[in-house]
Amino acid sequence: MTTIGIEERAAIREGFARLLSEKASEADLRRTMASDSGHDTDLWKAISDMGIAGLLVDPDHGGVGGSILDVETIMEEAGAALLAAPLLSGGVMAVALLAESSDADLKARLLPAIASGETIATVAVTGDNGLWTRDDIGVVATAGWLSGTASYVLSANIADVLLVVAIAGDGVAVFEVDSKAGGVTIEPLQAWDPTLRLSRIRFDKVAAKVLAGVDSSSVERTLDLARVALAGEQAGAARRIFDITVEYLRTRVQFGRPIGGFQALKHMAADLLVEVESATSAARAAAQALAKGTPDAAALVSLAAFACADAFHQVAAAAIQMHGGIAFTWEHPAHLYLRRARVDAQLFGASAYHRDRYVSALETAA
Amino acid sequence: MNDVLSQPVVVEGDVAAEVEAFLTKHWDKENGRPRDADGRIRGWMEKVFEAGWAVASWPREWFGRGLDKDDARTVLAAFRKAGAPGAGQDRTNISAATLMTFGTDELKRGLIPGFLTGKYTNCLLYSEPGAGSDLAALRTRAERKGDEYIVNGQKVWTSGAHKADFGLLIARTDWDVPKHQGISFFFIDMRQPGVEIRPINQITGDSHFNEVFLDNAVVPAKNLVGKEGEGWKVLQTALAVERLIMGDGAGERRQGSSKSNVVSLIDIAREAGKINDPLIRQEIARATAYRQLNALNVARAKEEMAQGTSSPIMSLGKLAMSRILHTDAAVMTQILGAASMLDGADNERAADVNYRTANAYMTSIGGGTDQIQRNIISERVLGLPREIELDRDVPFRTSRAVTG
Ligand SMILES: Cc1cc2nc3c(=O)[nH]c(=O)nc-3n(C[C@H](O)[C@H](O)[C@H](O)COP(=O)(O)OP(=O)(O)OC[C@H]3O[C@@H](n4cnc5c(N)ncnc54)[C@H](O)[C@@H]3O)c2cc1C
């Protein structure tokens, strides 16, 4: 349960936003995305020093002891800045999975190091189809040895620790693997969004340590958490590119007046505002439901997953159109939002999958 | 080799047979290239031009064959069937069509052959930083000095400027009349010291378009097309040709390639193993229907025009194509699923879909945005009241574009 109050959450958000505006501006982002690693060590240190990498880590392990409410809030800011950092994969997913474990030694070893930013962790879930479903797990564990492939893994290129979801016997288990261990091959996958680094990881008889007490339901819970975090990112990113666009409508003059005076654009902006506000509401409602464990949590998580993915994509796509030629240039940020929107729309399951899950949840409730 | 005796006997005036004979003799259908030993396209284009097939509907004294619409269509169909380029340029060659309508005889004689044979390439020097949708607000100035105009200003988004021999330039020659009335249209030689070209990086990763800085660039007065101050009218003709081309799916070609790039959604779905996915089938139906319905619209419009009635449908083509291209890219993305996150040479299909996703904006923004197309359709085709334009009737010098 959360130990952070509303005011404190707002203060964390404000501090994080300030940090991002100082150290993760568009110019910084462009420098980072053009680098080999796609990672900004100084920025990550600053984020960790603020406690953001350990937001979900309990205070006993050097964390802030926050909840999904805090994560969702922070991710709105991260999304707005198109943050390039191992936050979602490490600070959210890896921490959530580790927290599920009953192994006190493991937690004492990894959580403080993740919270401090020293250790970068990521989670490998899906196989080559990129469905993030049980059927698409591509790694098999036999007597503690992992073989197979995991794909679309975030930030694996800079990770120290891999938490690998694998089929073990009839069930699902999660394993801790040193990213430099023998038999591990991390192949970079070129992503359309240059601010992200994705990898495909091959495991060839890799010795791995099972996470005690972690099973398929732990993985599902972690994925739902990740979906809400991602929904927050999408809502925040949609709002930022929307704001940029509305500002442009105010200042760009054609036919003797600001283009925002044309109904064609006004109406588009009004429709997009509905999307942006709906995405924000969906992401926050899902976070509340998960935090409280209310019965409608499953439905709200699925709703947030597709509503935020679709809204972000729609807003980013329209933003280019509403800017005209200037947004067709690489130097303008609009396309970076479209790129992130298109990649985000696939992470942890695409909209069609979530719509289906949404209806299943409604059925169960009815 | 071709057996000369087996060639059809050509009766003068039988256009179908004549064009068949020409194609059979000079074009290697199987390999999709000219029969000439070196197989160069330029040589082929010259042959097409000399035979009058390039602009078959134009009079014989102006590079054509004086054919009526039906016969001209027969020619184009034969070329298309053979996969041979070069015909139908009366409707698709922006420079040639504009010159033919408004150029002096001297200019027509001097420039049209070069454009029709591909010896000359062009670029469109219309848009400026402050004048995009509102092109008439342009501020590049052309001042007459004896037999020349001296041009100063800046153009932007100029596709292909770095490769062009000539620019179709609109510039202001009179600042004391309302904005549409003080514009003149020129063909400017791009290869001169006063023209500086800086490439702009596009969201597609290419850099086909450019900023063009005109610093005391020189245009001979004889390169003025239409009268001084009548450039807006000339521009409408040039824009109409451009929009027709874009409505025909020019935006589907990878820039710099003349090959059509239509891929079947069915093939992509098969390849991805999703052809039986009911959701994907619905989406394929939606996207393919947009394309087919547009094609049916165009076919009906052509028929109506052949019967002498004018059809409003032709104005819809570019807008329709914009929706087609954006929808295609979205459906392809959905079919690819997670693979659509990837890019680059290792992920060819995804890279192609990504390119389409970005490049679709070329059709929805370039050549007049979708919003502007909708204004044109509602105002000019439907005759709905015009949007109020504050600075339409005031001397340009006093309008907001100048005074800020
Ligand atoms: C790939 C590409 C290639 C191009 N190639 C060339 C070229 O070779 N030569 C050339 O001269 N130009 C070229 N252009 C420029 C193109 O013609 C302009 O970008 C376009 O006309 C829009 O102008 P703008 O970019 O200034 O946008 P703006 O006119 O500033 O438009 C911004 C937004 O306002 C909207 N808007 C503007 N006026 C109205 C209105 N009255 N009602 C409703 N909405 C309105 C637009 O739809 C758009 O959404 C190219 C553009 C692209 C993207």
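Everything numeric in this text was worked out from a predicted model, so none of it was measured.

How each quantity is defined
Residues numbered from 1 in each chain as written. Chains lettered and ligands numbered in written order. Predicted model: local features only at pLDDT ≥ 70, side-chain atom pairs only at ≥ 80, totals over all residues. Heavy atoms only, no water. Helix = DSSP H or I, 4+ residues; strand = E, 2+ residues; numbered from the N terminus. Rg over C-alpha atoms; globule rule 2.2 N^0.38 Å. Buried < 20%, exposed > 50% of the residue type's maximum accessible area, 1.4 Å probe, protein only. Contact = heavy atoms within 4.5 Å. Areas by Shrake-Rupley, 256 points an atom, 1.4 Å probe, with all protein chains shown as cover. Phe/Tyr/Trp six-rings, centres within 6.5 Å; stacked < 30°, edge-to-face > 60°. Lys NZ or Arg CZ within 6 Å of the ring centre and 35° of its normal. Domains from an automatic or database assignment. Buried area = accessible area lost by both parts, 1.4 Å probe. Polar contact = N/O pair within 3.5 Å; in protein donor to acceptor, adjacent residues only side chain to side chain. Nonpolar A, V, L, I, M, F, W, Y, C, P; charged D, E, K, R; others polar. Salt bridge = Lys/Arg side-chain N within 4 Å of Asp/Glu carboxyl O. Core = buried A, V, L, I, M, F, W, Y, C linked by side-chain atoms within 4.5 Å.

Student: Can you explain the overall build of chain A? Please cite residues and give values.
Tutor: Each helix and strand counted, chain A has 11 helices and 10 strands in total. Computed over its C-alpha atoms, the radius of gyration of chain A comes to 20 Å, within 12% of the 21 Å expected for a compact globule of 366 residues. Dimensions along the principal axes, computed over C-alpha positions, put chain A at roughly 75 × 50 × 40 Å. When each of the 366 residues of chain A is scored for burial, the buried share is 60%. A separation threshold of at least 6 residues defines the contact pool for chain A, and within that pool the share at least 24 residues apart is 73%. Within the structure as shown, chain A displays about 14000 Å² of accessible surface, and the carbon and sulfur contribution to it stands at 55%.

Student: Give a detailed account of the packing of aromatic side chains, specifying residues and quantitative values.
Tutor: Inspection of the entire model under this criterion finds 20 aromatic pairs over all chains. Put simply, the rings of B:Phe22, B:Trp27, B:Trp44, B:Trp53 and B:Phe79 touch in pairs and so form one group of aromatic residues. A cation over an aromatic ring shows up here: A:Arg342 above the ring of A:Trp192, its NZ or CZ 4.6 Å from the ring centre.

Student: Talk me through the domain arrangement of chain B; I want residue IDs and the actual numbers.
Tutor: All names here are of chain B. Each assigned domain of chain B is listed here: domain 1 (15–117), domain 2 (122–230) and domain 3 (236–381). In this assembly, nine residues from domain 2 lie in contact with 10 residues from domain 3. Both faces considered, domain 2 and domain 3 share a buried interface measuring about 750 Å² in area, 66% of it formed by carbon and sulfur atoms. Taken as a group, Ser133, Thr204 and His208 account for 45% of the area that domain 2 buries against domain 3, more than any other trio of residues on that side. Our count for the domain 2 to domain 3 interface comes out at one residue pair in polar contact (both at pLDDT 80 or more). Among the residues making up the side of domain 2 that touches domain 3, the classes are represented as four nonpolar, four polar and one charged.

Student: Outline the interface of chain A and chain B, supporting the account with residue identities and numerical values.
Tutor: Interface size is often expressed as the accessible area that is lost when the parts come together. Across the contact, 39 residues belong to chain A and 44 residues belong to chain B. Summed over the shared surface of chain A and chain B, the result is one salt bridge. With its nearest N and O atoms 3.7 Å apart, the salt bridge here joins A:Arg257 to B:Glu387. Looking at the side of chain A that touches chain B, the elements that each hand over two or more residues are strand S9 (253–254), strand S10 (257–258), helix H8 (263–292), helix H9 (297–323) and helix H10 (334–344) of chain A. Considering each element in turn, the side of chain A that touches chain B owes the most residues, five residues, to H10(A). Looking at the side of chain A that touches chain B residue by residue, the classes come out as 23 nonpolar, 11 polar and five charged.

Student: Summarise the nonpolar core; cite the residues concerned and give the values.
Tutor: Core analysis: the largest hydrophobic core is formed by 102 residues, its most contacted members being A:Phe16, A:Leu146, A:Leu163, A:Val177, A:Phe203 and A:Phe348. Filtering out sequence-adjacent residues up to four positions away, A:Val177 remains in contact with A:Leu146, A:Asp160, A:Val161, A:Leu162, A:Val164, A:Val184, A:Phe203, A:Val206 and A:Ala208. Counting 54 residues, the second-largest nonpolar core is a separate cluster that includes B:Val15, B:Met45, B:Leu107 and B:Phe396.

Student: Quick rundown of the domain arrangement of chain A? Include the residues and the values.
Tutor: Residue and element names in this part refer to chain A. What the domain assignment lists for chain A is domain 1 (6–116), domain 2 (121–215) and domain 3 (217–365). The distance between the C-alpha centroids of domain 1 and domain 3 comes to 21 Å. Contact residues are listed per partner, giving 25 residues for domain 1 and 31 residues for domain 3. Put simply, domain 1 and domain 3 have two salt bridges between them. Among the salt bridges present, the one from Arg284 reaches Glu76, with a minimum N-O distance of 2.9 Å. For the pair domain 1 and domain 3, the interface holds nine residue pairs in polar contact (both at pLDDT 80 or more). Sorting the residues of the side of domain 1 that touches domain 3 by element identifies helix H2 (26–34), helix H4 (68–80) and helix H5 (87–100) as the ones contributing at least two each. With nine residues, the single largest contributor to the side of domain 1 that touches domain 3 is H4. Grouping the constituent residues of the side of domain 1 that touches domain 3 by class yields 17 nonpolar, one polar and seven charged.

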